[in-house]
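Fold and contact review
Single-letter residue listing:
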Amino acid sequence: MASTVDLSTLAIPALLDVLRTTDKGLPASEALRRLSTQPRTPSRFSAHRGRQAGIWHEVRRQFASPIIWILAGTTALSMLLGDLLEGVIILAILIASGLAGIWREHQAGRVMKDLLSRVQVHVEVLRDGNITSIPSGDVVPGDLIVLNAGDVIPADLRLINAHNLLLDESILTGESTPIERTVQEGWVREGTHVVSGTGQAVVVLTGSTSQMGKLREHISQGVRPSAFEIGTTRLGMLLLRTMVTLVAVLIVVNMLLQRPLIESLLFALAVAVGLTPQLLPAIVVASMSAGAQRMARESVLVKQLDAIADFGGMTVLCCDKTGTLTAGALALSDAMDCAGKSDLRVRWLASVNATLQTGMTNPLDTAICTAAPLTPATKPTLIDELPYDFERRRLSILIEDSDQALLITKGAYAEILQVSERVRYHGTVQPLAAYRDDIDGLFHRLSAAGFRVLAVATRPVPEPKVLRIDDEQGLTLEGLLAFFDPLKPDAADALVRLRDLGIRVVLITGDNAMAARYVAKEAAIPNADVVLGPSLEAMDDNSLRQIVITHDVFAQVDPLDKERLVRALQETGAVVGLLGDGINDGAALRAANIGISVDTAVDVAREAASLVLLDKDLHVVADGVSAGRRTFANTIKYVRVTMSANLGNMVSLVVATAFLPFLPLLPIQILLLNFVSDIPAFALSDDRVDDESLVKPTTWKITNLRAFMVVFGLVSSAFDLALFFVLARVVVVPAETFQAAWFAASTLTELSALLVLRTARPCWRSRPSRALLVTSGAIAALVLVLVVTPAGGLMGLTVLPYAVLALVVSGTLGYVLANEMVKRVWPAGLSLASQ
C-alpha cells in the first residue's frame, strides 16, 4: 500500500478508505485482528533497555560463550575415545549451570513485566464509535486517536482535525520550541507529545514502519549499555584477558610436561569455563529484579533495572515544590480586585477561563472550577482560545458577551502585566501606571505569605474572530487570584532524611521568587537565596556551573533552563535525579541521570522517567534510595567476591600445574566447583546490608573493584599455594587425595569469602540472610559428603583421611582470619561509596 500511495499527501477521506476505517474508528474485533498480524510497537518501558528478553534470547545468551562450545566439543571427542561417563557428567554440569541462569533471568523478566504493566502509557482511541483507553503499543493502522495536552504520540499519524494543537518535537528535531500542527501539515510523528490544544488523528504507520520505529530498530542493533553494564563488561574483559593468558600458559606447560593432549585441552578449557563469570549477568539481573520488587513495596516502580544503581548513587535531587514539599492540594483562597478586596466578577472571569479552556488540565484550573463552578445560566459560549504555553505563560479565551466578544486572559502576574495598559480599580477603569506600585505591593505581600498568585485581565473585542497571540495586548487588569498549597507537615523531616543519605535537594519551580523563598524557608532548605530563570538565560555555561554549586533555589524557571540546570549540576560531578510530573519536565527528565516521575503524571513525564513513584513524597524517595543502595550493595558483593576468587584460582592453578606431575584438579572437578559455588550467590539478592553501607551515595568505580580483585585474589592464592606445598611436599599425598583436598578447600574458601567479604564489618558482627546461610551451609555439607564418603567417586574424588580433612578445615579458618586482617588494615577496600 505505502509503495503505491503517498500517505503524507493523500486527502483524509481517501486516506481513511485506504486504511479501511471510518470516522467512528475501527470495530474492536478488526483492531484485534490487525494487532495479531502487524509488527507490534515495542514498549519504551523496558527492563533491559530495549533488548528482547524472550526465553530463546535467554537460552542463546547463557550458551553463547565459544569457550563452552569448544569444551562441549572436546568432551564429545573424549567420549568417542572411550571416556563416556566423565563426558556425560561434564555435559550435565554445563547444562545445569546454563539452565540455572536461564531460570533466574526468566523469573526476573516476569517480575519486571508485571511491574512495568503498572506504569504503562495508554492512549484514547475510537473503537466502534466509542472512546476507549488502550496501551500505546496496541494501536494499529486505522485507529482514530484522540489527542489532548500531555499525550505521547504512539505512532505516525495524520491529523483529521486540530484545535490550537502545539507539539513538542524535540525528541526528533532537537528544537525545544513547540510547533503548531494543522490538518494540512502532513505527519505527526511517533515519540513527540502534545503540549497544548486538542485534536483527532488516524494511525498510519506503527512498529518498525514508523520513523521512530526505524530509528529504534537501527539503534537496537547497537544498544548503548548503561554505566553499570559498561562497568561489569570492562571488569569481565579484564578477567577474560587474564584468563586467556593464563590458560595459554596452562596448555603450554602441560604440553612441555608431555601430558595427554585431550586431557590437557579438557583441563585448560574447564579452567576457562570455571574462571569465566558465566552467571554474572543472571545474578546481576536477579539481584536487580529482586531490588525492583523491594522498591515497589516502597512505592517506587523501576522501569529500567540499571537505574537502580544510579538511584543509589544520586547526590542531588531536583524537584518542584508543588506536591513534593507542599501538600499538592491547591485551593483558591480568594479572587480579589486590584485593591485586595474579594470580587465576584474576578471569580467569575477566572472560572469562565478555567472551565471553557480545552488545553491541558492543571491543578490551578481545577482549584478554580472547584471553588467557583459555573452553572448553565452563568456559562457563556466559547468562540476561540489561545492555549497556555511556557513562553507566554498566559491562557486566553474569547467568549460571547452581549453584542460583542470578550477576551479573558489568565496567567502569571508579570506576564499579564506585560500586556495590560489599564486596571479596574475600585470599580472604575484607570491607567495601570497610576496604581502599579500599589498592585505590586499586594502581589508581593501575597507571595511572601506563601500564596501562588495569578492575574486576570480582559479586553472587549468588537466581533467574534480567530484569536492570535497579538490579540493579547491593551488589556485591562481585573484582579488577582490567590491559591494556597500548605507545606507538608513532614517536608522538613524528609529533607533531613535525604541530607542524611548524602543527597542535596535543589528546588526548581516556575513560580515567583517570593513563593519559592517562602517554601524553602519553611522546609528548612539550607540556602534559600533565590536565582531567577531570566538571569539564568543570560549566563554562560561556566557561570551557571558556579551558581548551581552555591544555590539551592531557582524560581521562574522555564523547561529549557530546567534542563540546563540539570546538565550544569552533572558537569560539577553530581549524579542528578529529577522529580517531575508535568509536560514541561520531559526534557529535564531525559537529561537527568535518574528521571523520577509519579503514576499520576502526564504521559510524557512518565515515559521520560526511569522510576515512577506511587506517591509524590520525598519520604518515598528516601525509602527508594535506601532500597536502591541495598540492591546495588548486594550486586557488588557477588561481583567483588567472584572476581577475586576467580583471579586467585587462576594463579593457583597455573603455579600448581607447573610444579605437579599430575593435574591439580580434573576438568569435571573444576566445573563442579564452579557450579556449586555459584548457587549461594543467587541468595545474595535478598541479603542483609549493613546500615553504614546505606548512608552515602554508592557509585561504580572499576579501579577500586580491580584493586579489590587483586588484593583478595592474591590472599586466596596465598592460602591455595600454602595448602599445595603442605600436601605435595610435607604430607606427600597421592594425586587423587591431593585433588579431593584441593577441591574441598577451594569450595570451602570460596563459600567463606562470600560470607566474610559481603561486609566491611567483622563477619561475626554482620548477620547474613537466612537464605545465604542455608545455601552456603548446604553446599559446604555436600562438599564434605563428597570427600568423606564414596559418593564423590563419580567426580574422581577419593575419600579424604581425617588428618587431611582437618588440614583443609584449619586452612579455611586461617583464610577467614587472613581476610579479616586485610579488611582491618584496608577498610576503604570494602567501602561501597568508593566502588
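Residues numbered from 1 in each chain as written. Predicted model: local features only at pLDDT ≥ 70, side-chain atom pairs only at ≥ 80, totals over all residues. Heavy atoms only, no water.

Things to note about the overall build of the protein
A tally of regular secondary structure across the protein gives 28 helices and 23 strands. When contacts within the protein are restricted to residue pairs at least 6 apart in sequence, long-range pairs at least 24 apart make up 74% of them. Total accessible area on the protein stands at roughly 34000 Å², and carbon and sulfur atoms take up 59% of it. (Helix = DSSP H or I, 4+ residues; strand = E, 2+ residues; numbered from the N terminus. Contact = heavy atoms within 4.5 Å. Areas by Shrake-Rupley, 256 points an atom, 1.4 Å probe, with all protein chains shown as cover.)

Some remarks on the packing of aromatic side chains
All told, the structure shown has 9 aromatic pairs when counted by the stated rule. Arranged with centres 4.2 Å apart and planes meeting at 20 degrees, the rings of Tyr425 and Tyr435 form a pair that is stacked. Taken together, the residues span a long stretch of sequence, with Tyr425 in strand β14 (residues 420-425) and Tyr435 in helix α15 (residues 432-448) at a distance of 10 residues. Exposure remark for Tyr425: the relative accessible area of 12% places this residue in the buried category. On the basis of relative accessible area, Tyr435 is assigned to the partly exposed category, the value being 23%. (Phe/Tyr/Trp six-rings, centres within 6.5 Å; stacked < 30°, edge-to-face > 60°. Buried < 20%, exposed > 50% of the residue type's maximum accessible area, 1.4 Å probe, protein only.)

So, helix α26 (residues 735-756)
Each α-helix winds once per 3.6 residues, and so residues spaced three or four apart point in a common direction. For α26, with 22 residues, the first-to-last C-alpha span of 31 Å sits near the 32 Å given by 1.5 Å per residue. Where burial is concerned, most of α26 is hidden: 19 out of the 22 residues are buried. (Expected span 1.5 Å × (residues − 1).)

Overview of the environment of Ala339
Mapped onto the elements of the fold, Ala339 is located in the loop between β10 (331-337) and α12 (344-356). By relative accessible area, which is 30% here, Ala339 ends up partly exposed. The spacing of Ala339 and Tyr425 is 86 residues in sequence and 6.5 Å in space, taken between C-alpha atoms. Discounting chain neighbours no more than four positions away, the residues touching Ala339 are Tyr425, His426 and Leu442.

Side note on the environment of Met821
In this fold, Met821 is placed in helix α28 (residues 802-825). With 59 residues separating them along the chain, Met821 and Pro762 place their C-alpha atoms 9.3 Å apart.

A closer look at the pairing of strand β18 (residues 504-508)
The buried fraction of β18 is high, at 4 of 5 residues. Where β18 lies against strand β20 (residues 553-555), 2 bridges are found, and the strand directions are parallel. Across the sheet, Ile508 pairs through a bridge with Phe554, a residue of β20. (Pairing = 2+ DSSP bridges.)

A few points about the packing of α26 against α28
Contact pair α26 / α28: the axes reach a minimum separation of 9 Å and the direction vectors enclose 30 degrees. Looking at the two axes, α26 sits roughly parallel to α28. Seen from above, α26 lies across α28 with right-handed handedness. Of the residues in α28, those in contact with Thr737, Ala741, Ala744, Ala745, Leu748, Thr749, Ser752, Ala753 and Val756 of α26 are Val804, Val808, Thr812, Tyr815, Val816, Asn819, Glu820 and Lys823. (Axes fitted to C-alpha atoms, helices over the stretch in contact; angles between N-to-C directions. Parallel < 35°, antiparallel > 145°, perpendicular 65-115°, else oblique. Left-handed = near helix turned anticlockwise from the far one by under 90°.)

A word on a nonpolar patch on the surface
A contiguous nonpolar patch, built from Ile251, Met255, Leu261 and Leu265 and spanning about 320 Å² of accessible area, is present on the exposed surface. Looking at the nonpolar patch, the elements with two or more residues in it are α8 (227-256) and α9 (261-275). As for its placement among the helices and strands, Ile251 is situated in helix α8. Judged by relative accessible area, which is 31%, Ile251 ranks as partly exposed. (Patch = residues over 30% accessible without salt bridge, like charges linked within 9 Å, V, L, I, M, F, W, Y side chains within 5 Å. Salt bridge = Lys/Arg side-chain N within 4 Å of Asp/Glu carboxyl O.)

Description of the pattern of salt bridges
Under the criterion given, the structure shown has 31 salt bridges. For Arg545, the salt bridge goes to Glu571, with nearest N and O atoms at 2.5 Å. Here the residue Arg545 occupies a position in helix α19 (residues 541-550), and Glu571 occupies one in helix α20 (residues 559-571), the gap between them amounting to 26 residues. Residues Arg758 and Asp687 are paired through a salt bridge, measuring 2.7 Å at the closest nitrogen-oxygen approach. Highlighted residues: Arg758 in the loop between α26 and α27 (770-788) and Asp687 in the loop between α24 (667-678) and α25 (702-730), separated in sequence by 71 residues. In terms of burial, Arg758 and Asp687 fall into one category: buried. Among the ionic contacts, a cluster of salt bridges with common partners joins Glu30, Arg33 and Arg34.

A look at the sheet that holds β18
Read across the sheet, 8 strands follow the order β8-β23-β22-β21-β9-β18-β20-β19 without closing on themselves; strand pairing throughout is mixed. Looking along the sheet, the strands with just one partner apiece sit at the ends: β8 (300-302) and β19 (530-532). Here the strands of the sheet are splayed against their neighbours by 25 degrees on average, with no regard to which way each runs. Bridge analysis of strand β9 (residues 316-319) against β18 gives 4 bridges, and the strand direction is parallel.

With respect to the side chain of Gln739
Relative to the elements of secondary structure, Gln739 occurs in helix α26. Of the residues examined, Gln739 reaches a relative accessible area of 7% and is grouped as buried. Apart from the residues lying within four places of it in its own chain, the contact partners of Gln739 are Phe662, Leu663, Pro664, Leu665, Leu666, Gln669, Gly796 and Leu797.

Points about unusual backbone geometry
You will see that Asp128, though not glycine, has its phi angle at about 55 degrees, which is positive. Along the chain, the position of Asp128 falls in the loop between β1 (122-127) and β2 (130-135). With phi around 65 degrees, Ala524 is a residue other than glycine that occupies positive phi space. The residue Ala524 is located in the loop between α17 (513-522) and β19 in this model.

Comments concerning the nonpolar core
Counting 79 residues, the largest nonpolar core has Phe311 and Phe554 as its most contacted members. Counting residues per element, this core draws most heavily on helix α23 (residues 618-659), at 12 residues. Beyond its immediate sequence surroundings of up to four residues, Phe554 is in contact with Val506, Leu507, Ile508, Thr509, Val531, Leu536, Ile547, Val548 and Leu565. Core analysis: the second largest hydrophobic core is formed by 39 residues, Leu250, Phe267, Ile670 and Ala744 among them. (Core = buried A, V, L, I, M, F, W, Y, C linked by side-chain atoms within 4.5 Å.)

Notes on the confidence of the model for the protein
Of all residues in the protein, 83% have pLDDT values of 70 or greater, and the mean over the chain is 82. Across the protein, strand β17 (residues 475-484) holds the top mean pLDDT of 96, while helix α4 (residues 66-80) sits lowest at 57. In the model, residues 219-225 has pLDDT below 50 throughout and makes 5 contacts with residues more than four positions away in sequence or in other chains. (pLDDT = per-residue confidence, 0-100.)

Let's talk about α19
Restricting attention to buried positions, one finds in α19 the residues Leu544, Ile547 and Val548. In a view along the axis of α19, the buried residues occupy a sector of 95 degrees, so they form one face of it. Buried residues in α19 make contact with β18, β19, α18 (533-537), β20 and α20. Sitting at the amino-terminal end of α19 is Asp540, which places a side-chain oxygen 3.3 Å from the backbone nitrogen of Asn542. (Arc of directions from axis to C-beta. Polar contact = N/O pair within 3.5 Å; in protein donor to acceptor, adjacent residues only side chain to side chain.)

Here's the deal with the environment of Val466
Position of Val466 among the secondary structure elements: in the loop between β16 (452-461) and β17. Residue class for Val466 comes out exposed when judged on its relative accessible area of 63%. With residues up to four places along the chain from it excluded, the contact list for Val466 reads Asp384 and Asp471.

Brief notes about the packing of α23 against α25
Two elements in contact, α23 and α25, have axes separated by 7 Å at closest approach and are oriented at 40 degrees. In this view, α23 runs oblique relative to α25, as classed from their interaxial angle. Taken as a pair, α23 and α25 cross one another with a handedness that is right-handed. Partitioned by chemical class, the residues of the contact of α23 with α25 number 15 nonpolar, 7 polar and 3 charged. (Nonpolar A, V, L, I, M, F, W, Y, C, P; charged D, E, K, R; others polar.)

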